[in-house]
Amino acid sequence: MIDLRRLHVLRAVAHYGTVTAAARALHFTPSAASQQIRQLARDLGVDLLEPHGRGVRLTAAAESLLEHADAIEARWDEAELDLRAGEGTPAGPLRVTGFPVAVSVLLAPMAARLRERHPRLSVRIREVEVAESFDRLFEGESDLAVVEATPSNPPAADARFDQRPLLDDPFDLVVPEGHPLAGRDGADLADVAHEPWIAPVPQSPCRPHVMSACGAAGFTPDVVHHALDWNVTAHLVAHGLGVALVPRLAQLTPELPIVRVPCVNRPHRKLLTCTRSGGHRRAAVAAALEELRTLAAAAVA
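The rules behind the values
Residues numbered from 1 in each chain as written. Predicted model: local features only at pLDDT ≥ 70, side-chain atom pairs only at ≥ 80, totals over all residues. Heavy atoms only, no water. Helix = DSSP H or I, 4+ residues; strand = E, 2+ residues; numbered from the N terminus. Buried < 20%, exposed > 50% of the residue type's maximum accessible area, 1.4 Å probe, protein only. Contact = heavy atoms within 4.5 Å. Areas by Shrake-Rupley, 256 points an atom, 1.4 Å probe, with all protein chains shown as cover. Core = buried A, V, L, I, M, F, W, Y, C linked by side-chain atoms within 4.5 Å. Salt bridge = Lys/Arg side-chain N within 4 Å of Asp/Glu carboxyl O. Pairing = 2+ DSSP bridges. Phe/Tyr/Trp six-rings, centres within 6.5 Å; stacked < 30°, edge-to-face > 60°. pLDDT = per-residue confidence, 0-100.

Looking now at the overall build of the protein chain. The secondary structure content of the protein chain amounts to 9 helices and 11 strands. Principal-axis analysis of the C-alpha atoms places the extent of the protein chain at approximately 70 × 55 × 30 Å. The buried share of the protein chain, reckoned over its 301 residues, is 46%. Residue pairs in contact within the protein chain that sit at least 24 positions apart in sequence constitute 71% of those at least 6 positions apart. Accessible surface computed for the protein chain: about 15,600 Å², of which carbon and sulfur atoms make up 52%.

This is the structure:
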């Protein structure tokens, strides 16, 4: 018999990329995690790790085993769901994660609505970045996440997760009051090609959206200031230090001397809901998804 706990360690190594990172996520020591995989290899009579540079990598046998391990995990989740199929009323804890804008605009009002409609349901929100949302889902520490679609996310076909479109969040051009474009109904990004720009820091998931939107308009922006927070960006614009692209869902400090101008180029980012495979069948998750779809439709409108 295969010890499923050892199989989970192997899955964690594949997910996090190294034995050390997997051990940290599972609260093991690296030597304990390695021992679990060595024992699994002995149980199966195959090599699961092989030297690669200064570290190790999964063997072809391990990659093959992972396909079955992910299927086993999904079937176990389905079994738990079937056992609770009669519990149709949302109840108990619902652990939700999201990045800052998603928490502010979608998850907070979702939790308030669920508290009114399902008093036996306890929503617990954690603000995290997108990558950590997937990690927490993988570890079973989260039931539902709202994430931004980025190239570094697991692929849509990844059987471990169920990723579904929620909304398209357009970017607006933000300029100071008195700017020549401030009174327009729409602006072409090419009109601000020669102006200084304020952009997200390089590691931000929104950075590629800004750079690709400018590239599609035929220029590379002259980025003179970088910001982590959209309100920091707005204050920099308000002081006349540059222009910026800001997602429409981002709630900026009111009464700043700035103007949002819709872009005729229509840059946008995609927001997704994500659960573990089959997780949307849980009554609590289904109720949360219904509220999120309603809130998303209102936000887009």
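In terms of nonpolar packing, the biggest core is built from 86 residues, with L106, L173, W197 and L245 touching the most fellow members. If sequence neighbours within four positions are ignored, L245 has contacts with F171, D172, L173, L189, W197, V210, A213, W230 and C263.

Right, let's get into the pattern of salt bridges. In the structure shown here, the tally under the stated rule is 16 salt bridges. One salt bridge connects R113 with E291, and the closest N-O pair in it is separated by 3.5 Å. Remark: E291 occurs in helix α9 (residues 283–300) and R113 occurs in helix α5 (residues 100–117); sequence separation between them is 178 residues. A salt bridge links D162 to R164, with the shortest nitrogen-to-oxygen separation between them at 3.1 Å. With relative accessibility at 16%, the residue D162 sits in the buried group.

Take the pairing of strand β1 (residues 49–52) next. With 4 bridges joining them, β1 and strand β2 (residues 55–58) adopt antiparallel strand pairing. Looking across to β2, one finds that E50 is bridged to R57. What sits between β1 and β2 in their antiparallel hairpin is a turn of 2 residues, with G53 showing a positive phi close to 60°.

A few words on the packing of aromatic side chains. For the structure shown, the criterion picks out 3 aromatic pairs. Ring centres 6.1 Å apart and planes at 80° place the aromatic pair Y16 and F138 in the edge-to-face group. A residue pair is termed long-range when its members are at least 10 positions apart, and Y16 in helix α1 (residues 4–16) and F138 in helix α6 (residues 130–138) qualify at 122 residues.

Our focus in this paragraph is the confidence of the model for the protein chain. For the protein chain, per-residue confidence averages 90 on the pLDDT scale, and 96% of positions sit at 70 or higher. Least confident of the elements in the protein chain is helix α4 (residues 60–83), whose mean pLDDT is 77; most confident is strand β8 (residues 222–227), at 98.

V130, S133, F134, R136, L137 and F138 are the residues of α6 that are buried. Where α6 is buried, its residues meet α1, β3 (92–98), β4 (121–127), β5 (144–148), β6 (161–176) and β11 (268–276). Within two residues after α6, G140 carries a phi angle of roughly 80°, on the positive side.

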